[in-house]
Amino acid sequence: MSRMDYYRVLGVSREASEEEIKKAYRALVFEHHPDRNPDSADAESKIREINAAYEIVGDAEKRRSYDRLFWADEPRADVIDPSVILGEMEAKLFDEGRKELFAVLMKDVTRVKAELNIIRERTVAKQGYDSFLESVIAARAAEIMDDFVTDDMNGRKQRLVEVATEMMLSQGVAKRHDQAGVQTLRHQLDTAFQNGRIHGIASALELFYERR
């Protein structure tokens, strides 16, 4: 199953204006609406596809999130297993979370050094000597993550996860009518982003770590 290009579904370019997208959407709905095509077995599925595309690229915030997630690399035209598509999306969200928190920590070197002192004490207490112990680092990163994450950052994460979920549903990774499945999918994507944040903190700490 190839990944869906919402711009192609609507017949517009990536540079299309909001008005051009809206105009294309209205024309497609008028053309493919089941009421106008009572003998077409594909009319309903076509309308759902058109509506799904417009829900994303017709909304400025969702469109930006979609562009980040879909166009980070060129979409492939070959057939891909849904589990592979999901894995790729989780990797993208992980990287978004990682870069976000790494950038924040890089602006607060004083806090980074203070955290390294705490981590060093915990590491020595656990194993008797100082080293960059990943389990201790990850645990501390999870503890302090909320100190750095703002409401705006969480809002951005929510938009990315929402768009990623919609993209995965369009690829058949979960069924829209399966509420439990959709919830599990959304949680899985959210977890990937959160794990990326933890890794971003750990990466910043590692950059300044010096063994004593």
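Above this text you will find the structure in question.
Conventions used here
- Residues numbered from 1 in each chain as written.
- Predicted model: local features only at pLDDT ≥ 70, side-chain atom pairs only at ≥ 80, totals over all residues.
- Heavy atoms only, no water.
- Salt bridge = Lys/Arg side-chain N within 4 Å of Asp/Glu carboxyl O.
- Helix = DSSP H or I, 4+ residues; strand = E, 2+ residues; numbered from the N terminus.
- Buried < 20%, exposed > 50% of the residue type's maximum accessible area, 1.4 Å probe, protein only.
- Phe/Tyr/Trp six-rings, centres within 6.5 Å; stacked < 30°, edge-to-face > 60°.
- Core = buried A, V, L, I, M, F, W, Y, C linked by side-chain atoms within 4.5 Å.
- Contact = heavy atoms within 4.5 Å.
- Axes fitted to C-alpha atoms, helices over the stretch in contact; angles between N-to-C directions.
- Parallel < 35°, antiparallel > 145°, perpendicular 65-115°, else oblique.
- Left-handed = near helix turned anticlockwise from the far one by under 90°.

Draft legend 1. Broad picture of the pattern of salt bridges. If you walk through the whole model with that rule in mind, you get 19 salt bridges. Close ionic contact of K157 with D190 constitutes a salt bridge, the shortest N to O distance being 3.0 Å. Here D190 lies in helix α9 (residues 179–208) and K157 lies in helix α8 (residues 151–170), a separation of 33 residues in the sequence. A relative accessible area of 10% places K157 in the buried class. Given a relative accessible area of 24%, D190 falls into the partly exposed group.

Draft legend 2. Quick peek at the packing of aromatic side chains. Applying the stated rule across the entire model yields four aromatic pairs. Here Y7 and Y66 contribute two aromatic rings whose centre-to-centre distance is 6.0 Å and whose plane-to-plane angle is 50°, an arrangement assigned as tilted. Highlighted residues: Y7 in helix α1 (residues 6–10) and Y66 in helix α4 (residues 60–70), separated in sequence by 59 residues. In this structure Y66 comes out as buried when scored by relative accessible area, which is 0%.

Draft legend 3. Here's a closer look at the nonpolar core. If you look at the biggest cluster of nonpolar residues, it comprises 36 residues, and the most contacted ones within it are L10, Y66, L93, M167 and L189. Counting residues per element, the ones that place at least two in this core are α1, α2 (18–32), α3 (43–57), α4, α5 (82–105), α8 and α9. It is α8 that provides the largest number of residues to this core, a total of seven residues. Apart from the residues lying within four places of it in its own chain, the contact partners of L189 are L86, M89, E90, L93, V161, A164, T165 and M168. Membership of the second largest hydrophobic core comes to 20 residues, among which are V136, I201, A204 and Y209.

Draft legend 4. Up close: the packing of α5 against α9. Their axes nearest at 6 Å, the elements α5 and α9 cross at an angle of 40°. Judged on the interaxial angle alone, α9 and α5 are oblique. Judged by the twist between their axes, the crossing of α5 over α9 is right-handed.

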